[in-house]
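# Coordinate analysis (summary)
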Amino acid sequence: MNKRTKQWLLRAAVGAVVGLVLGFIIGWWLWPVQYTNTAPVVLRQDYRDDYIVMIATAYEVEEDLEQARERLKLLDPREPATLVVELAERLIEAGGDADDIARLARLAWALGATTSTLIPYLEGPP
Amino acid sequence: MSTLSSLRAAPIIGLVIGLALGLAYTWVIAPVELVNTYPALLRTDYRWDWVRLAALSYVADGDMERARARLNGLKHEDVAGAMRALIEEYTAAGRSADILRRLTTLAEALDVHTPAMLVYLRTPTSPPLVPVSTPSLTPTLTPSCTPTPSCTPSPTATPTLTPPPTPHAFSPLSTPTIEPTGTPLPPTPTPPLLSRLRVVEQEQICEPGQRVHIEVVVRDERGAGVAGVEIWLTWPGGADRAVTGLKPQHGAGYADFNAEPGVSYALSIGELGMPLVTGLRIEPCPVEEGENPLMGSWRIVLGP
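Note that the structure is a prediction, hence the values are computed from the model and not measured. (Residues numbered from 1 in each chain as written. Chains lettered and ligands numbered in written order. Predicted model: local features only at pLDDT ≥ 70, side-chain atom pairs only at ≥ 80, totals over all residues. Heavy atoms only, no water.)

## Topic: the confidence of the model for chain A
When pLDDT is averaged along chain A, the result is 90, and 98% of the positions lie at 70 or above. Of all secondary-structure elements in chain A, the lowest mean pLDDT belongs to helix α1 (residues 3-30) of chain A, at 89, while helix α3 (residues 65-73) of chain A reaches the highest, 96. (pLDDT = per-residue confidence, 0-100. Helix = DSSP H or I, 4+ residues; strand = E, 2+ residues; numbered from the N terminus.)

See below:
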């Protein structure tokens, strides 16, 4: 390899490195992939929690357990009922809205996944 | 010269290759991770379901601020589309009036309108089915002064026109217009159509394969179907409600109910009051020998 070839390769390599850095900057910061048409599973945690509360509340109106289960499966296809129980228990710990907890408890019970913590809420806010 | 330009081109070639590799990596191989998104980014069907859930939650908890917060950030067209679909679905399914009133209240607050909402909109007084211009005479105090040393205003009854409550903007009924000036004509009271309805026709429908039901058709003086009439079907221990015109394929004045044999039904219109039909029962149709027994539905035509 002669000196000129080495020089050419060195320049090309420098250019490539600069190009890569530019590519990372553009692709991750300046012009990242724009997501639309997302699924509920990628919602931020507070939206996910609210989604579960809304499913439990809507279940009171619609009384459609399968519909509620299908909606929960969008968040966790394997154990949809666990989400309800977990959220209810988190809300109990955090002193959340008693009506929300009661709704979650009733949905959890309907899904066959209630726990002793939720039992007092089954008849409404204790 | 050729060597010089080749050396100058080297970094540009490298840059292009590096840029291509960098973009391929950041856009395809390892794009920005999709976490912590928000409802507005959901796919359309999920977005509409979000709106539906928020609306149904409002029905359950009546918390308008919470409903607004949940729908905040979503496009109005999504909210409107989903709300309309929900209200129309619930109306067609004959859901309870309370649920539909709440949905309608929310829809109104969100500036969403659909004809199916009409019958649930709360107005100060129930608007008449057929708008009748009935100007009311209201005495007002007008100071009449005569040039005397003691000028005291005396009350004089001056007829002024008070227009009836303005129908909702989406009412299909024509808005009566009243000239604000001029001598008012004596009102010609016309009873609303609702109060004049009676059973014009009642026939048993015997069609094999059809679900047993009670269908009601409301017609006006000219025989045209009247939409928006609230019909109640009551029976011992229960009641169902339907509104005419929500199944336009059957005509503007049509509404129907599911029915079961062995139950005695009563049919009323408007608010639950004096029923127009009582003791209505699903009965077997007359069949020829060898034919399968068939339960008949009822078709009831109401008119003035």
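## Examining the packing of helix α2 (residues 44-61) of chain B against helix α3 (residues 64-71) of chain B
Residues and elements named next belong to chain B. Where α2 contacts α3, the axes come no closer than 9 Å and their chain directions differ by 175 degrees. Classified by the interaxial angle, the pair formed by α2 and α3 is roughly antiparallel. Note on element contacts: α3 touches α2 through Met64, Arg66, Ala67, Arg70 and Leu71, opposite Trp50, Val51, Ala54, Ser57, Tyr58 and Asp61. By residue class, the composition of the contact of α2 with α3 is seven nonpolar, one polar and three charged. (Axes fitted to C-alpha atoms, helices over the stretch in contact; angles between N-to-C directions. Parallel < 35°, antiparallel > 145°, perpendicular 65-115°, else oblique. Contact = heavy atoms within 4.5 Å. Nonpolar A, V, L, I, M, F, W, Y, C, P; charged D, E, K, R; others polar.)

## A closer look at the packing of α3(B) against helix α5 (residues 97-109) of chain B
Residue and element names in this part refer to chain B. Where α3 meets α5, the closest approach of the two axes is 11 Å, and the angle between their N-to-C directions is 60 degrees. In terms of their interaxial angle, α3 and α5 are classed as oblique. Relative to α5, α3 is oriented so that their crossing is right-handed. Contacts from Met64, Ala67 and Arg68 of α3 reach α5 at Thr105, Leu106 and Ala109. (Left-handed = near helix turned anticlockwise from the far one by under 90°.)

## Quick look at the pattern of salt bridges
Tallied over the entire structure, the rule returns 22 salt bridges over all chains. For the salt bridge of Asp100(A) with Arg103(A), the shortest nitrogen-to-oxygen distance reads 3.5 Å. Placement of both Asp100(A) and Arg103(A) in helix α5 (residues 98-110) is noted, with a separation of three residues, approximately one turn of the helix. In this structure, Asp100(A) and Arg103(A) share a single accessibility class: buried. The residue Arg299(B) makes a salt bridge to Glu215(B) at a minimum N-O spacing of 3.0 Å. With Arg299(B) in strand β10 (residues 297-303) and Glu215(B) in strand β4 (residues 213-218), this residue pair connects regions lying 84 residues apart in the sequence. (Salt bridge = Lys/Arg side-chain N within 4 Å of Asp/Glu carboxyl O. Buried < 20%, exposed > 50% of the residue type's maximum accessible area, 1.4 Å probe, protein only.)

## Let's talk about a nonpolar patch on the surface
Among the surface-exposed residues, Val17(A), Val21(A), Ile25(A), Trp28(A), Trp29(A), Leu30(A), Trp31(A), Tyr25(B), Trp27(B), Val28(B) and Ile29(B) lie close enough to one another that they form a single nonpolar patch of about 1,200 Å² accessible area. Elements with a minimum of two residues in the nonpolar patch: α1 of chain A together with α1 (2-29) of chain B. The greatest single-element share of the nonpolar patch, amounting to six residues, is contributed by α1(A). Its place among the elements puts Tyr25(B) in helix α1. Classification of Tyr25(B) as partly exposed rests on a relative accessible area of 35%. (Patch = residues over 30% accessible without salt bridge, like charges linked within 9 Å, V, L, I, M, F, W, Y side chains within 5 Å. Areas by Shrake-Rupley, 256 points an atom, 1.4 Å probe, with all protein chains shown as cover.)

## With respect to the sheet that holds strand β9 (residues 277-280) of chain B
Residues and elements named next belong to chain B. The strand order across the open sheet built from four strands is β6-β5-β8-β9, with neighbouring strands paired in antiparallel fashion. One side of each edge strand has no neighbouring strand; the edge strands of this open sheet are β6 (238-243) and β9. With direction set aside, neighbouring strand axes in the sheet form an average angle of 20 degrees. By the bridge criterion, six bridges tie strand β5 (residues 230-235) to β6 in an arrangement that is antiparallel. (Pairing = 2+ DSSP bridges.)

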